[in-house]
Amino acid sequence: MDLRDPHELSDEREQKKLALMRAFVEREDPASKEVDDLELRRFLRAREQDIEKASKQFLKSLKWRRTAVPNGFISESEIPNELEQDKVFMQGFDKKGSPISVVLGAKHFQTNTSPDQFKRMVAYALDKFCASMPRGQEKFTVIGDLQNWGYANCDIRAFIAALDIMQSYYPERLGKVFIIHVPYIFWAAWKIIYPFIDQKTKKKFVFVEDKKLKETLLQDIEESQLPDIYGGKLQLVPIQGSSS
């Protein structure tokens, strides 16, 4: 597990670009002064060290957050229907120190939510993931479980909205996504969703065969940190009940 200060992992060239980016965004939006270098660096890396693109996306993110998360956080009282579905869980850490989230796709029903509440749920979950990271860690790991997933759970607009929020406003936070128990009917939805995933994020999806499930997960996650429903030692904890 690499617990070095992430500041130490930047090279001199990146540090110079980071300084230029900071000068630009602080001039455009004074609120940028409250954001640390690690946050700016994630946007810079997500945009392949392009200062102009990274700055534009970062400033867009500040604007989005003022509207989407006006109080600085999403309270559980704002997303009651989403939390009642018990579809997002968080516990344990992988071998790199990334917090682990489990998402049960079959628990999501379009008829039980509203687009706005779903987007607030996404921001709530991502903020919880980020807050749970230990020192020296910037990314989280997801196990996307599609056991019993069917047409009633196929909410394309919600999936694309979640991707957009993560890619646009939480860049370089996703480490790896294990997609497990994949039903045949999911591939039709995947073909629609896939073009909305950026190239860097596409590489983070790992589709796991059922017969190799535990074997594959144990390559990245110790048994003591693996959810018990996948042969590990930890019980699933709903995200609202997890500590961060």
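Residues numbered from 1 in each chain as written. Predicted model: local features only at pLDDT ≥ 70, side-chain atom pairs only at ≥ 80, totals over all residues. Heavy atoms only, no water.

Named according to an unreviewed UniProt entry, the protein is Patellin-5 originating from Acorus calamus.

> Is there a simple way to think about the overall build of the protein in this case?
A count of helical and extended segments in the protein gives nine helices and five strands. Tracing the protein from N to C terminus, the helices and strands come up as α-α-α-α-β-β-α-β-α-β-α-α-β-α. Against the compact-globule benchmark of 18 Å for 244 residues, the protein has a radius of gyration of 18 Å, which places it among compact chains. Burial analysis of the protein (244 residues in total) assigns 48% to the buried set. Considering only contacts in the protein between residues 6 or more positions apart, those separated by 24 or more positions represent 75%. (Helix = DSSP H or I, 4+ residues; strand = E, 2+ residues; numbered from the N terminus. Rg over C-alpha atoms; globule rule 2.2 N^0.38 Å. Buried < 20%, exposed > 50% of the residue type's maximum accessible area, 1.4 Å probe, protein only. Contact = heavy atoms within 4.5 Å.)

> What's the story with the pairing of strand S2 (residues 99–104) in this structure? I'm lost.
A regular strand carries its side chains on alternate faces of the sheet. When you tally the buried positions in S2, you get five out of six residues, the bulk of the element. Where strand S1 (residues 88–93) meets S2, four bridges bridge the pair, whose relative direction is antiparallel. Its bridge partner lying in S2, Met90 is registered against Ser101. Between S1 and S2, which pair antiparallel one after the other, the connecting turn spans five residues, and Gly97 there sits at a positive phi close to 95 degrees. Bridge count for S2 against strand S3 (residues 140–145) is five bridges, and the pairing is parallel. Within S3, the residue paired with Ser101 across the bridge is Val142. Read as a crossover between parallel neighbours, the route from S2 over helix H5 (residues 115–131) to S3 is right-handed. (Pairing = 2+ DSSP bridges. Right-handed = clockwise from strand over helix to strand, strands pointing away.)

> Help me understand the environment of Cys130, please; the structure alone is not making it clear to me.
Structurally, the position occupied by Cys130 is in helix H5. The buried category is assigned to Cys130, whose relative accessible area is 18%. As for Cys130 and Tyr170, which are separated by 40 residues in sequence, their C-alpha atoms are 9.1 Å apart. Those residues within four positions of Cys130 in sequence are excluded, and the remaining contacts are Tyr170 and Arg173.

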